[in-house]
Amino acid sequence: MKFKNQFTQIIFILFFVFFVMMAIRSTLLFMYPSDFDDLTKSELIRSLLMGFRVDMITIFTFSFAFILPLIFIKKVLPRKIIGVTWGALLLVIFTISFGDVLYFNFTHKHISNEIFNLGNDFNIITNIAFNSYLPYTVGASVFSLIFLYFCYLVFSTAPSAFVGGKKLAVYSLITVLVLFLGIRNTVAGKSFGSADAFAVSKISSGNLALNGFFTLYRTTNGKDKHDLMNVDDAVRITKKALSTPNAKFIDDDYPLYRSYKAKENEKYNVVIVLLESWGAEHIDGFTRYKELNVTPFFKKLSGESLKFTNFYANGLRSIFGITSMFTGITLPSGFEYLGRGLELSNISYLGRVAKQNGYSTMAMQGGNRRSYRVDAVSHISGFDDYYGAEDIPNVEVIEEGREARTGTYDHNLLNFYNKKISELKEPFLSFAFTSTNHPDLHLPRAEFERYPHNLNNYYGELNAYLYVDNAIEKFIDSAKKEPWFDRTIFIFTADHGNGDALNKIGKELRGNPEHLATIEHYRIPLIIYAPKIFKPQEVATLGSQNDIFPTIVDMLGFDANITTLGNSLFDNEVKNRFVYLFGGNMIGLINENGYVMHNFKNVVEQNGENLEESKELLFAVDTAEANLLETNRWAK
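Quick notes on the rules
- Residues numbered from 1 in each chain as written.
- Predicted model: local features only at pLDDT ≥ 70, side-chain atom pairs only at ≥ 80, totals over all residues.
- Heavy atoms only, no water.
- Helix = DSSP H or I, 4+ residues; strand = E, 2+ residues; numbered from the N terminus.
- Rg over C-alpha atoms; globule rule 2.2 N^0.38 Å.
- Buried < 20%, exposed > 50% of the residue type's maximum accessible area, 1.4 Å probe, protein only.
- Lys, Arg positive; Asp, Glu negative; His and termini not counted.
- Charge placed at Lys NZ, Arg CZ, Asp CG, Glu CD.
- Axes fitted to C-alpha atoms, helices over the stretch in contact; angles between N-to-C directions.
- Parallel < 35°, antiparallel > 145°, perpendicular 65-115°, else oblique.
- Left-handed = near helix turned anticlockwise from the far one by under 90°.
- Contact = heavy atoms within 4.5 Å.
- Nonpolar A, V, L, I, M, F, W, Y, C, P; charged D, E, K, R; others polar.
- Salt bridge = Lys/Arg side-chain N within 4 Å of Asp/Glu carboxyl O.
- Pairing = 2+ DSSP bridges.
- Core = buried A, V, L, I, M, F, W, Y, C linked by side-chain atoms within 4.5 Å.

Okay, the overall build of the chain next. Looking only at helices and strands, one finds 18 helices and 17 strands in the chain. Taken against the 2.2 N^0.38 rule, which gives 26 Å for 636 residues, the C-alpha radius of gyration of the chain at 26 Å falls within 12% of a compact globule. Across its three principal directions, the C-alpha atoms of the chain cover 90 × 60 × 45 Å. Split into buried and exposed, the 636 residues of the chain put 59% on the buried side. Looking at charge distribution, the chain has the averaged site of its 62 positive side-chain charges lying 8 Å from that of its 66 negative ones.

Next comes the structure, spelled out in structure tokens:
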């Protein structure tokens, strides 16, 4: 390849890089069109142009150190080394950005610093990469080799001429200025951040403009975001919102620390089942769209239970849900996960409180022991016994070639759960986390494949719901035969939602209804099943995973001093119920007024009345939680 001079050589590479990045963004738009349906044509164009700005910042930031020496070095060998090294770094940016497009399928948000916590789930990632995503893996590998060879060819030949002298000084100054302005993307104030990528105040606009590499490196340390309000004001407003006479604040140095007094309640057993990706919009009995009869038993069970229809996840990933269930905390943006650093602050734990009140404790999951670090998280949280897939025997009837690739099938998990519960001393508190309807969507038998099965599309998800529903039915049928059943409260809920029920396949099956608001992706079922204890009732009380911990404390009459961002769902004295959630680069709040989603700079979606009050409460809760955790004043 021949180039006029060193500058045209560099510009050629940059043009190609911008083309690839825009192609990746176009793939996002093509693969998930329903996520961007709310953008008008002009908003779509503005968002794509904003995406070009994001790509410019990303590329210039990580190309600066390579472009400058390529301007001045003449010898071919060092230019070749620098050029190929630059190409390798650009390839990392391409790979993460394209991987983020595939990741978007699971959470409908861009990847952030959670990528640093996926090491213990490497088997899940590799299973997906070499099964349902094998064509993408092969394609990316081939592209990587071609691109590196392309960079080698570009820099293997010296430019026809080499700009020097005064012209080199001028061109170099212009290059530095362009790179500097491209990186900052503004001439005043703070440099461009994720919140600035929203061309219009819609979540879809930000999702289209951002790329995965940008959101990753911009969220490696996001704790400084939590300054939306003065801390003292934030604590005061949060205390008022959480206030109830049944759980009084007891320590000014730990301002959200509350006391639940012991009650002479029956010491019932509690069995928790956290269902993987069990989003309400997909589940019969809970969906606000047309039912597809994929969870008929769960619907029947909910009709025999306390059925909470206005219940939400506090995040979009499994570890967020587990953290909220075990601690009553919405993981703040930029903070480490439970098991990776959050536990360095003094926080309250469900398992520990249960043990302090005389309960046996146990936890398990259908994934491998170390998946999501649930083994460490369970230990920290006070669960004495813990089991993973390696400990669970197979009792499932599995057709040839259908073995579970990661973890174990949910029937195996729930069958083992039932047996281990029977070994516990009463009263007990137990926890199980399912895994089968996590991609890749392997199923043990063809009988569950009502739809054309695919390891990674919505037909596969619907088939997986059928299987998990069947496993839940078998679990309840077995539990009913146990002597502890009549004295036990079963809690079924989800770790998070499961994407869009009106994706292309879902729309066709459900008759092409109108999309509900984005917040619907956070709504999850909650049923409290105890036929000898509670009468069936549909409950419209607003709640979230953060309310599970105080609900159990209240329901069982525990003596406990704890801090949570929730209240008991049975406490009729609570006046200001709210849900505080975090997803990607956004925080949100749902209350009786409606909901607000914010990207730490602007409101990007809202609906309801008195939303200024809701926004104030959102700012207060985010600021108070982050600062009290950071200064170790959350709990004793």
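On we go.
Next up on the list: the packing of helix H2 (residues 41–72) against helix H6 (residues 165–184). For the pair H2 and H6, interaxial distance at closest approach is 8 Å and the crossing angle is 160°. Of the possible angle classes, the one that applies to H2 and H6 is roughly antiparallel. Like other packed secondary-structure pairs, H2 and H6 cross with a definite hand, here left-handed. Together, Met56, Ile57, Phe60, Thr61, Phe64, Ile67, Leu68, Ile71 and Phe72 of H2 and Leu168, Ser172, Thr175, Val176, Val178, Leu179, Gly182 and Ile183 of H6 make up the contact between the two elements. A class-by-class count of the residues in the contact of H2 with H6 yields 13 nonpolar, four polar and no charged.

Turning to the pattern of salt bridges, a few remarks are in order. Applying the stated rule across the entire model yields 22 salt bridges. For glutamate 612, the salt bridge identified is with lysine 615, shortest N-O distance 3.7 Å. Placement of the pair is glutamate 612 and lysine 615 together in helix H18 (residues 611–630), with a separation of three residues, close to one helical turn. Classification of glutamate 612 as exposed rests on a relative accessible area of 58%. Classification of lysine 615 by relative accessible area gives partly exposed; the value is 23%.

Glancing now at the sheet that holds strand E8 (residues 428–433). Pairing is mixed in the open sheet, where eight strands are placed in the order E7-E6-E8-E3-E9-E10-E4-E11. Strand pairing shows two members of the sheet lacking a second neighbour, strand E7 (385–387) and strand E11 (537–539), which therefore form its edges. Sheet twist, expressed as the average angle between the axes of neighbouring strands with direction ignored, equals 15°. Bridge count between strand E3 (residues 269–275) and E8: five bridges; the pairing is parallel.

As a further point, take the nonpolar core. In this structure, Tyr417, Ile472, Phe490, Ile491, Phe492 and Ile552 are the most contacted members of the largest nonpolar core, which totals 135 residues. Sort the elements by how many residues they give to this core and helix H15 (residues 458–479) lands first, with twelve residues. Membership of the second largest hydrophobic core comes to 52 residues, among which are Ile93, Val163, Phe192 and Phe214.

Here we come to unusual backbone geometry. For the bond from glutamate 426 to proline 427, the omega torsion is -5°, close enough to zero to count as cis. Following the sequence through the fold, proline 427 ends up in the loop between helix H14 (410–423) and E8. In this structure, aspartate 440 follows proline 439 across a cis peptide bond, with omega equal to -5°. Considering the arrangement of structural elements, one finds aspartate 440 in the loop between E8 and H15. Located in the positive-phi region is asparagine 293, a residue other than glycine, with phi close to 55°. One can find asparagine 293 in the loop between E3 and helix H10 (296–303). Positive phi outside glycine occurs at asparagine 512, with the angle close to 55°.

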